Amino acid sequence: MKILVTGGTGYIGSHTCVELINRGYEVVIFDNLYNSKEEVLSRIEKITGTRPLFYKADLRDTESMRPVFEDHKFDAVIHFAGLKAVGESVEKPLMYYENNISGTIKLCKFMNEYGCKRIIFSSSATVYGDPAQIPITEECPKGTCTNPYGWTKSMLEQVLTDIQHADPEWSVVLLRYFNPIGAHESGLLGESPNGIPNNLMPYIMKVAVGELPELGVFGNDYDTPDGTGVRDYIHVVDLARGHVNAVEKVTTTNEVNVYNLGTGNGYSVLDIVKTFEEVNNIRIPYQIKPRRAGDIATCYADPAKAKKELDWEAEYDLKRMCEDSWRFASQNF
Ligand code: NAD
Ligand code: UD1
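These notes cover the structure that comes with them. Treat the numbers as computed from the prediction; the structure is a model and nothing was measured. (Residues numbered from 1 in each chain as written. Chains lettered and ligands numbered in written order. Predicted model: local features only at pLDDT ≥ 70, side-chain atom pairs only at ≥ 80, totals over all residues. Heavy atoms only, no water.)

Let's talk about the overall build of the protein
Put simply, the test is: In this description a helix means any DSSP run of H or I spanning at least four residues, a strand means any run of E spanning at least two, and both kinds are numbered starting from the N terminus. Two things to know: the radius of gyration comes from C-alpha atoms, and the globule rule equals 2.2 Å times the number of residues to the power 0.38. Exposure classes here rest on a 1.4 Å probe applied to the protein chains alone. A residue is buried below 20% of its type maximum, exposed above 50%, and partly exposed in between. Every residue pair with non-hydrogen atoms within 4.5 Å of one another is taken to be in contact.
Scanning the protein from terminus to terminus reveals 11 helices and 14 strands. The C-alpha atoms of the protein give a radius of gyration of 19 Å, which matches the 20 Å a tight globule of 333 residues would have. By its C-alpha atoms, the protein is 55 × 45 × 40 Å across when sized along the principal axes. Expressed as a percentage of the 333 residues in the protein, the buried residues total 55%. Sequence-distant contacts in the protein: of pairs separated by 6 or more residues, those separated by 24 or more amount to 79%.

This is the structure we're talking about:
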């Protein structure tokens, strides 16, 4: 089976390409390299022995996309390409709506035109807003997002659902990721954010390599066991494996299916700091700061639906996530 992976040189996309190749799928990537490097292709090749075919193409640019669809007949598309910086989306909403929403609509038009109507979409737990229940099941109603990035995910879920309802030949899998961290065990693939990171683990990495002096912990007065925010951190390789299982789903059904991809465990900011310090023997100085606008106290998944219907569950624990994150950062930052 041939799978088109948009955004396939990015953090989650590159790990997913490795897992797809390992399971015998043929992979074609397109990416505009806005937030990733072509060198990732050589690294995928080093790990798997196969270099995926690559197109430098932009979701918003018909001319660069056309050859991708002209040259191949895809069995399914895994759609990672998008902008994801929450803070930037607040400052530049048009950029986010244009890239993520207009770009995805263009992609779907191509898929219609070339008769590939199966898509797996990267959504986020952010669509639940301040969740109505913990742990969060897929039945939990979608909530109010606190930033344009989150709204692009929520709106695109609706767009894809409407497309499938209008044309039952479409098959849509919406994957709501919790907090992906970690890296490939080889140290060859991982996340290398530009500038000062927003997310917790990339920030800890920058402190660990000495680029930033200390971590700011955003609030210690939440209603959680130690007062700091609780999240469901999931190893990126587990997340990638979830996509491979979702390929089977999307190619054998004609409906919209929604799955949480999380571990079901909640860890606080200080749990992460402590585990990182213990596992890697590196001290992470931190200071308690005011709460960050838009943050919620607690967010973790009920992953039972993905286990039942995708035969998937996360395998790696927090120690492994911290070890693998550091291996990548120490070799690549
Ligand atoms: P990433 O930035 O590493 O990867 C996204 C890739 O898309 C990049 O390589 C970028 O160059 C490419 N891209 C962006 N706009 C493009 C365009 N117009 N045309 C072609 N390529 C384009 O991000 P990631 O962490 O791998 O995330 C992948 C997807 O998962 C994104 O849609 C993101 O919003 C979603 N997601 C990520 C997280 C997370 O914590 N990382 C959580 C939930 C959802
Ligand atoms: C954030 C985004 C969410 C996005 C997700 C993955 C916000 C409000 N939410 O989720 O939309 O889908 O990233 O990209 O930005 N923390 C610190 N210090 C830091 C950084 C984070 O204490 O320097 C804390 C946060 O307050 C939170 C936890 O660490 O409690 C995790 O934060 P982060 O990694 O940014 O993820 P989310 O906020 O869950």
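Description of the site of ligand 1
Rules: Near, as used in this document, describes a residue that has one of its heavy atoms within 4 Å of the molecule or strand being considered. Under the rule applied, a polar contact is a pair of N or O atoms within 3.5 Å (in protein, one hydrogen donor and one hydrogen acceptor; residues adjacent in sequence only if both atoms are side-chain atoms). Note that accessible areas follow from Shrake-Rupley with a 1.4 Å probe, and for residues the cover is restricted to the protein chains shown.
Around ligand 1 lies a shell of 26 residues, among which Ile12, Asp31, Asn35, Ser36 and Lys84 are the nearest. Serine 36 places a polar side-chain atom, nitrogen or oxygen, 2.7 Å from an oxygen atom of ligand 1. In this structure, lysine 84 approaches ligand 1 through a side-chain N or O atom, which is 2.8 Å from an oxygen atom. Taking 820 Å² as the accessible area of ligand 1 by itself, protein coverage stands at 95%.

Some words on unusual backbone geometry
In this model, isoleucine 134 is joined to proline 135 through a cis peptide bond whose omega is -5°. Relative to the helices and strands, proline 135 is located in the loop between strand 5 (118–124) and helix 6 (148–166). One non-glycine residue, leucine 33, lies in positive phi territory at about 60°. The residue leucine 33 is located in the loop between strand 2 (26–31) and helix 2 (39–48) in this model. Here the phi dihedral of aspartate 311 falls at roughly 55°; this positive angle occurs in a residue that is not glycine.

Digging into the packing of aromatic side chains
To keep things clear, this is the line we draw: Stacked, edge-to-face and tilted are the three classes for Phe, Tyr and Trp ring pairs, Trp counted by its six-membered ring, which pair at centre distances within 6.5 Å; planes under 30 degrees apart are stacked, over 60 edge-to-face, the rest tilted. Only lysine NZ and arginine CZ atoms are considered, and such an atom sits over a ring when it is within 6 Å of the ring centre and within 35 degrees of the ring normal.
Scanning the entire structure with this criterion turns up six aromatic pairs. Note on phenylalanine 69 and phenylalanine 74: the rings are 5.8 Å apart at their centroids and 85° apart in plane angle, and the pair reads as edge-to-face. Since its relative accessible area comes to 2%, phenylalanine 69 is described here as buried. Members of the aromatic cluster, each reached through a chain of ring pairs, are Phe69, Phe74, Phe110 and Tyr114. If you follow arginine 291 out to its NZ or CZ, it ends over the ring of tyrosine 222, 4.0 Å from the centre.

Side note on the site of ligand 2
Which entries qualify depends on this criterion: The residue classification treats Ala, Val, Leu, Ile, Met, Phe, Trp, Tyr, Cys and Pro as nonpolar and Asp, Glu, Lys and Arg as charged. All others, Gly included, are polar.
Neighbouring ligand 2 are 19 residues, the closest being Leu200, Gly216, Arg231, Arg292 and Asp295. Within the side chain of asparagine 199, an N or O atom sits 2.9 Å from an oxygen atom of ligand 2. Note that an oxygen atom of ligand 2 is positioned 2.9 Å from one of the backbone N or O atoms of phenylalanine 218. Contact with the protein chains covers 89% of the free accessible surface of ligand 2, which is 740 Å². A total of four residues in the shell around ligand 2 trace back to one element, the largest contributor, which is strand 8 (residues 215–218). Grouping the amino acids of the shell around ligand 2 by side-chain chemistry returns nine nonpolar, seven polar and three charged.

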